[in-house]
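# Commentary on secondary and tertiary structure
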Amino acid sequence: MTAVTAKRFSIAEYHRLAELGFFEFDNRFELIRGEIIKKAKKTTFHSACNSLLLGELCLIMARSACVRGQEPIILPPDSEPEPDVVIARNRFDDYVSSHPLIADIC
């Protein structure tokens, strides 16, 4: 019997797949430990709780940190999850040049 090994993707490979249009019609994927995972559908309750949490965190953090909701973070070498909420340090470019890295997350 032949052993089957799943292909693990790097962040660069994952980005290249996106550039090539592999996720064009369904962008509900994220890279976790090298595996491309389809994200679960959000329930109304999940969305409501997440919105309330984001609103409260924005008030609490004011301008002392960047509160990001369901946006990618980079966890080298092989993960780019999109957590519900991330508190990241403020950065001069407001994360236009790249998603937050481990060092950016508070």
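In this numbering scheme, every chain counts its residues from 1 along its sequence in written order. Only residues with pLDDT of at least 70 are given local features in this predicted model, and only at 80 or more are side-chain atom pairs given and counted; all residues enter the totals for whole chains, interfaces and linings. Each side-chain value is worked out from all heavy atoms of the structure, with water and hydrogens disregarded.

### Quick word on the side chain of N50
Cut-off, in case you're wondering: Here a helix means four or more residues in a row that DSSP labels H or I, a strand means two or more in a row labelled E, and each is numbered from the N terminus. Whether a residue is buried, partly exposed or exposed follows from its accessible area with a 1.4 Å probe, protein chains only, as a fraction of its type maximum: under 20%, in between, or over 50%, in that order.
Checked against the element boundaries, N50 lands in helix α2 (residues 44-61). A relative accessible area of 9% places N50 in the buried class.

### Remarks on the nonpolar core
Here is the rule we go by: Only buried residues count toward a nonpolar core, which is a set of Ala, Val, Leu, Ile, Met, Phe, Trp, Tyr and Cys residues joined through side-chain atoms within 4.5 Å.
Formed by I11, Y14, L17, F23, F29, L31 and I74, the largest nonpolar core amounts to seven residues. Elements represented by at least two residues in this core include exactly α1 (11-19) and β1 (29-32). Broken down by element, the residue count for this core peaks at three residues, all from α1. Core analysis: the second largest hydrophobic core is formed by five residues, L54, M61, A65 and V67 among them.

### Focus on the pairing of β1
Just so we agree on the cut-off: Pairing between two strands is assigned when DSSP locates at least 2 bridges connecting them.
Two strands pair when backbone bridges link them, and β1 and strand β2 (residues 35-38) are joined in this way by four bridges, in the antiparallel orientation. Each bridged residue has a counterpart across the sheet, and for L31 the counterpart in β2 is I36.

### With respect to unusual backbone geometry
A negative phi angle is the norm for most residues apart from glycine, just as the trans form is the norm for most peptide bonds. Put simply, P76 and P77 share a cis peptide bond, and its omega is 5°. With respect to the helices and strands, the residue P77 is situated in the loop between β3 (66-69) and β4 (85-88). Although it is not a glycine, R33 adopts a positive phi angle of roughly 50°. Here R33 lies in the loop between β1 and β2. Given a relative accessible area of 62%, R33 falls into the exposed group. At Y95, a position not held by glycine, the phi torsion is positive, near 65°. Tracing the sequence through the fold places Y95 in the segment after β4.

Everything listed here is a matter of coordinates, which is why it stays silent on function.
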